[in-house]
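Structure assessment
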Amino acid sequence: MIIHLKSTVDQVLAETLAKDNKAFHIVYNNKQVLITGSGTKEVPENLEIYTEDFWVFPNDMQLSSRRYQNQKREINFGKVTIGGNTNNTILIGGPCSVESEEQIRSASELLVKLGLTTLRGGCYKPRTSPYSFQGLGLEGLKLLAKMRDEYGLNVITEARDATHIDEIIEYTDVIQVGAKAMYDQGILRACSKIKKPVLIKRGFGTTLQEFVQAAEFVLSGGNENVVLCERGIRTFETGTRFTLDLCGVAWLQEHTNLPIILDPSHAMGYAYGVPGLSKACVAMGIDGLLIESHPNPKIAKSDASQQLNFEEFENLLNQLRPVAQSVGYNMI
Ligand code: PEP
Ligand code: MN
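Residues numbered from 1 in each chain as written. Chains lettered and ligands numbered in written order. Predicted model: local features only at pLDDT ≥ 70, side-chain atom pairs only at ≥ 80, totals over all residues. Heavy atoms only, no water.

**Details of the sheet that holds strand E4 (residues 51-55)**
Basically, it comes down to this: Between any two strands, at least two bridges found by DSSP are needed for them to pair. Each helix corresponds to a stretch of at least 4 residues labelled H or I by DSSP, and each strand to a stretch of at least 2 residues labelled E; elements are numbered beginning at the N terminus. Whenever a helix is involved, its axis is fitted only over the stretch in contact; in every case the axis is a line through C-alpha atoms, and angles between N-to-C directions fall within 0 to 180 degrees. Residue contacts are defined here by distance: any two heavy atoms, one from each residue, within 4.5 Å place the two residues in contact.
Taken in spatial order, the four strands of this open sheet run E2-E3-E1-E4, and their pairing is antiparallel. Of all strands in the sheet, those bounded by a partner on one side alone are strand E2 (24-28) and E4. On average, adjacent strands in this sheet sit at an angle of 25° to one another, irrespective of strand direction. Here E2 runs beside strand E3 (residues 31-35); their pairing, made up of five bridges, is antiparallel. Looking across to E3, one finds that Phe24 is bridged to Ile35. Sheet contacts for helix H1 (residues 11-20): strand E1 (2-5), E2 and E3; angle to E2, the most-contacted strand, approximately 150°.

**Thoughts on the coordination of the manganese ion (ligand 2)**
Just so we agree on the cut-off: Coordination partners: N, O, S within 2.8 Å of the metal, 3.2 Å for Na, K and Ca; water not considered, so apparent gaps in a site are possible. Residue burial is assigned from relative accessible area. The probe radius is 1.4 Å, only protein chains are included, and a residue is buried under 20% of its type maximum, exposed over 50%, and partly exposed in between.
Those protein atoms acting as donors to the manganese ion (ligand 2) are Cys96 (SG), His266 (NE2), Glu292 (OE) and Asp303 (OD), and they sit at 2.0 to 2.3 Å. Each donor residue of the manganese ion (ligand 2) lies on the same chain, and together they follow the pattern C-x169-H-x25-E-x10-D. Taken as a pair, Cys96 in the loop between strand E7 (88-93) and helix H2 (101-113) and Asp303 in the loop between strand E14 (288-290) and helix H10 (310-326) lie far apart in primary sequence, 207 residues in all. Each member of the pair, Cys96 together with Asp303, is buried.

**Things to note about the packing of aromatic side chains**
Which entries qualify depends on this criterion: Any two of the Phe, Tyr and Trp rings considered here, Trp counted by its six-membered ring, make a pair once their centres fall within 6.5 Å; the pair's planes then place it as stacked at under 30 degrees, edge-to-face at over 60, or tilted in between. Each ring is checked for a lysine NZ or an arginine CZ that lies within 6 Å of its centre and within 35 degrees of its normal; such an atom marks a charge sitting over the ring.
Inspection of every chain in the model, using the stated rule, returns four aromatic pairs. Ring geometry for Trp55 and Tyr68: centres 4.9 Å apart, planes at 90°, overall edge-to-face. Here Tyr68 lies in the loop between E4 and strand E5 (74-77) and Trp55 lies in strand E4, a separation of 13 residues in the sequence. With respect to burial, Trp55 and Tyr68 carry one shared label: buried. Joined through ring pairs, the aromatic side chains of Tyr28, Trp55 and Tyr68 make up one cluster. Positioned above the aromatic ring of Phe133 is the side chain of Lys301, whose terminal nitrogen or guanidinium carbon lies 5.2 Å from the ring centre.

**Some thoughts on the site of ligand 1**
This is how it is decided: Summary of the distance rule: residues count as near a molecule or strand when at least one heavy atom falls within 4 Å of that molecule or strand. Pairing of N or O atoms within 3.5 Å defines a polar contact, subject to two protein rules: one partner must be a possible hydrogen donor and the other a possible acceptor, and residues neighboring in sequence count only if both atoms are side-chain atoms. Here the open area of atoms and residues is found with the Shrake-Rupley method and a 1.4 Å probe, where only the protein chains shown may cover a residue. Residue type decides the class: Asp, Glu, Lys and Arg count as charged, Ala, Val, Leu, Ile, Met, Phe, Trp, Tyr, Cys and Pro as nonpolar, and the leftover types, Gly among them, as polar.
Taken together, Cys96, Arg120, Lys125, Glu158, Gln176, Gly178, Ala179, Lys201, Arg231, His266 and Glu292 form the complete shell of residues around ligand 1. One of the side-chain N or O atoms of Lys201 is found 2.8 Å from an oxygen atom in ligand 1. Arg231 is positioned with one of its side-chain polar atoms (N or O) 2.6 Å from an oxygen atom of ligand 1. Protein contact buries 92% of the 300 Å² of open area that ligand 1 shows by itself. Grouping the amino acids of the shell around ligand 1 by side-chain chemistry returns two nonpolar, three polar and six charged.

Here's what the structure looks like:
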């Protein structure tokens, strides 16, 4: 249950009431808000005189629910805004992994040339094998920060686990919680205590309800800036790497108030499918697209088969702009 407390209740009293009722307390849209367990069907007696309004939910989709807030959240990605009424579809570029200064600089220059704003590159890679390239770690984060300073780009990188979450929070503008990391409570709880946007990717075996609950961990801790990312789920099909769940995207658009970004690169696993899928994604009227690109995909240290080269990336952007426009969105 979400309870909006009366305006006469100040922060200190709200915190005390939250503690007494084992509820979460956040300040949202200038309101003192308490969130209790999903089983709560009636306003607890000791809160009745302080309650202005309340919402009962059948499950743990509360703050992210359209039933609570029918308006899609507006999120600032550094100097650009997505969600709300912006009708922006942000194209997030960059390689799977930051590999060297030369590589990430060329990726940055491409984005600047194309008028794009947001660079993504992994530094702590959640690899399936311990023998694969694991990422440059802190050295990679410093390279991303350098690119932000030199080119004015927003940077995104992923946290692999909670051991380095403070570093990630310090160095990046948007924190990516990867498909494997989205169950890591250390990461989610740390992300709930900051205000930087958090992009949560859906695990490949994660139901939509579980996906949204990961977002609720961040929202209920007080960080309003959560974006969901569909990146493919595992099905019986092995011809493609994963299966991009566009039905799931429609469900999330209908039931949640969180902006949604799609990642056709990881879903498909092969560069040949990325342009077509990207158009299908953009045609759904989405808040962003995440596409991996590399100056020379053949020698990429991770996800080599799915990364576009720079020419393919540029051509794709040109094809996506009219698709976005046809559904009332702008590619930024
Ligand atoms: C990535 O974004 O490079 C990545 C590892 O993605 P995912 O977490 O979706 O597998
Ligand atoms: Mn990747």
